[in-house]
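Notes for the structure review
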Amino acid sequence: MAQDDNGGKDSVSSGQHVSHDALGASPGTAVIVRDAVQDPGLPPHRPRTTDINPKAEKRAERVVYTLFYLSLAGSIFAIAAYIAFPIIEGDSGSVRLNNMFVGLGMTLALLGLGVGAVHWGKALMHDHEGIDIRHPQPGTTEERAAAINVIDEANRESGFGRRTMIRNSLLGALIVFPLPAVVLFRGLAPMDQDPVALLKHTMWEKGTRLTHDPSGVPIKASDLTLGSSVQVIPEGLAELEHHKIEEKAKAAVLLMRLDPKDLNPLPGRETWAYDGIVAYSKVCTHVGCPVALYEQQKHHLLCPCHQSQFDVTNNCEVIFGPAKRALPQLPITVDSEGYLIAQSDFTEPVGPSFWERA
Amino acid sequence: MRKTTQPSRRGRTKTGRRHPLATVALIAIGLMMTGGAYAAINAGTATADTDINTQVNIDEGAKLFQANCATCHGMEADGTVDAPSLVGVGAASVDFQVGTGRMPMQMQGPQAQQKPVQFTDLQVKQLAVYVGSLAPGPGIPDAQYLTGDGDLANGGELFRINCAMCHNVAAAGGALTQGKFAPPLAGVSAVHKYEAMVTGPQNMPVFNDLVITPTEKSDIISYLQHLEAAPSAGGFGLGSIGPVSEGLFLWIFGLGSIVALTIWITARSN
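Being a predicted model, the structure only gives us computed values, none of them experimental. (Residues numbered from 1 in each chain as written. Chains lettered and ligands numbered in written order. Predicted model: local features only at pLDDT ≥ 70, side-chain atom pairs only at ≥ 80, totals over all residues.)

Brief notes about the overall build of chain B
- For chain B, the count of helices and strands is 10 helices and 2 strands.
- Along its sequence from the N terminus, chain B presents helices and strands in the succession α-α-α-α-α-α-α-β-β-α-α-α.
- When the 270 residues of chain B are sorted by exposure, 34% land in the buried category.
- Here the analysis covers contacts within chain B between residues at least 6 apart in sequence; of these, 70% occur between residues at least 24 apart. (Helix = DSSP H or I, 4+ residues; strand = E, 2+ residues; numbered from the N terminus. Buried ≥ 20, exposed ≤ 12 C-beta atoms within 10 Å, placed from the backbone. Contact = placed C-beta atoms within 7 Å.)

Comments concerning the sheet that holds strand β6 (residues 300–302) of chain A
Residue and element names in this part refer to chain A.
- Taken in spatial order, the 4 strands line up as β5-β6-β7-β8 in an open sheet, and their pairing is antiparallel. What marks the edges here is a single partner per strand, and that holds for β5 (293–295) and β8 (317–320). Along the sheet, successive strands turn relative to each other by an average axial angle of 30°, direction set aside.
- With 3 bridges joining them, β6 and strand β7 (residues 309–311) adopt antiparallel strand pairing. Across the sheet, Leu302 pairs through a bridge with Gln309, a residue of β7. (Pairing = 2+ DSSP bridges. Axes fitted to C-alpha atoms, helices over the stretch in contact; angles between N-to-C directions.)

Section: the domain arrangement of chain A
- The domains assigned to chain A are domain 1 (1–39), domain 2 (49–123) and domain 3 (199–342).
- Measuring from the centre of the C-alpha atoms in domain 2 of chain A to the corresponding centre in domain 3 of chain A gives 57 Å. (Domains from an automatic or database assignment.)

Remarks on unusual backbone geometry
Residues and elements named next belong to chain A.
- Cis geometry marks the peptide bond from Asp213 to Pro214, where omega comes out at 5°.
- By the secondary structure assignment, Pro214 is in the loop between β1 (210–212) and β2 (229–234).
- At His299, a residue that is not glycine, the phi angle is positive and equals roughly 60°.

Quick word on the pairing of β2(A)
All names here are of chain A.
- With respect to burial, β2 is a largely interior element, 5 of its 6 residues being buried.
- Looking at chain direction, β1 and β2 are connected through 3 bridges and run antiparallel. Opposite His212, over in β2, you have Val232 as the bridge partner.
- Note: β2 against strand β3 (residues 253–257), 4 bridges, orientation antiparallel. Counted as the bridge partner of Val232 is Val253 from β3.

Regarding the confidence of the model for chain B
Residues and elements named next belong to chain B.
- The predicted model of chain B has a mean per-residue pLDDT of 84, with 84% of residues at 70 or higher.
- Confidence drops under pLDDT 50 across residues 1–11; counting only partners more than four residues distant or on other chains, this segment forms 0 contacts.
- Per-residue pLDDT stays below 50 along residues 41–49; that stretch engages in 25 contacts with residues further than four places along the chain or on separate chains.
- Predicted complex metrics record ipTM = 0.73 and pTM = 0.70. (pLDDT = per-residue confidence, 0-100.)

Quick notes on the environment of A:Gly41
- Counting through the fold element by element, A:Gly41 comes out in the loop between α2 (8–24) and α3 (49–52).
- Classification of A:Gly41 by C-beta neighbours within 10 Å gives exposed; the count is 6.

Overview of the nonpolar core
- Core analysis: the biggest nonpolar cluster contains 91 residues, and A:Leu210, A:Val232, A:Val253, A:Leu255, A:Ala279, A:Ile332 and B:Val131 have the highest contact counts within it.
- Residue contributions to this core peak at 7 residues, all from helix α5 (residues 121–134) of chain B.
- With residues near it in sequence (within four places) discarded, A:Ile332 still touches A:Leu210, A:Trp272, A:Tyr274, A:Ile277, A:Ala279, A:Leu340, A:Ile341, A:Ala342 and A:Gln343. (Core = buried A, V, L, I, M, F, W, Y, C linked by C-beta atoms within 7 Å.)

Quick notes on the sheet that holds β3(A)
- The antiparallel open sheet is built from 5 strands, whose spatial order is β1-β2-β3-β4-β9 (chain A). The open sheet has two free edges, formed respectively by β1 and β9 (329–330) of chain A, since each of these has just one partner strand.

Below, the structure is given as structure tokens:
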């Protein structure tokens, strides 16, 4: 088949190859292809229209300098636009106009330069193909010997190799020198805090009232109707001065009221809900997005980041998506005044997996 | 034979090369038109009228109910296997569901879809007062909370904490599980926004007056009206639905122009 396409000449030359290689190589080590692809070499040089036609050359030249002038006009336009469309405080429309016209001017400036330069290079500069041979990397034998000689002489004259006490003390001093930096940088990180304990405990403890996010107003059990959902923070978080965001990120809770008949609590968790009111951590057990998309008829909680779904009626177990664990439940009850309070902290770490979590 | 057909086949592959791009452009146009159609959803305006609660209107509402709603909700509005009881849902719930065209329901599905309203404003109110008269429930909100001159900053914060996870931070709506979705809030009248919060239609949680006070609801409504009226500082919002439309735009136009420039730079000049 291939021989037919290539014609008689190719088949003769490849036939010669077979006989030549078959003599030298043992059968099985060399794969000889009868219709091996020939190196086609470089295509013949094809002159461009700008090389042949002086009119085309003139036109290309005009295009290039017009583009450069356009770039110039764009830069001036950007300056003019900045002055003509000032940013007026409190007016978002002025910001939009300013950004748009300054941006258009600068786009014209940059594109004019770039397109003009590329067109110049492609259409007008010489297009002959040449090969630059790479320069050899190593120096000559004499140069290398001289370099080694310099090092040897320095060693001899300084006594670096001979005076071992000086050498070793110098090396020791250099090794210890960066250590203060390590200690200083360690001081930038939180001190006297065990990250494992920090991840395992939140602001919730026995008796902490559940309060509205962001106002911090405590919530009564009677405030919630069937189908209600409330974004909750622990009492005192709204008044925190330090680490408010960190504490909120761990302690955020979603409170929902369901028909008590719909709940199927796990053994040991029967008393964790109060009259159908359940509280679950809002931090997804996958990568920690806030899970607060509650569907009050289906009782599904959806995480907007990766579509993990949790079934509130079944202890927020995962029914879909990449999350691996149920959302941690906060045990709640009411105090003597009817306000919802926590029975304890979460009984498991909130949020996604971490190194100490089984 | 074959040799004669070859040139025409080659010609066809050349036009075929344009086809994928044409398809992508068609899809993009289709997506934008669908988004535009959603944004253009229109809701009738309703005003709270305190004088509506008369026996005549309740009787009219009862007749309308028996003619249009009783097949599913029962002659006494006490529910059947097909639809829930309406005793105690309140006038606000009926005003929202019927006033936005969600009821009577077009068809069974993950959630009731919005469609053109089937009753006049008066008929909607008559239905609402009838259902409201069956048992106590949330009533049609007072006009003082619907004026849209509340505290914008507070409304914005409450919206982001309680609503934005489903309805999108720009109130452009978003997907929920199994075909359900939170609708975009542009074009929804103030009274319907208030009623939706207080009654929790479909799968939306209930935000009663103890969880979010009427004044706070008024703040949220004011913020949403401000959001709808304020110009987008960033220019064309692409539907404000976040990474999907913005990513698609960049993939097609951003990467497309980079590919085109790269091909132009490396191609030999003619």
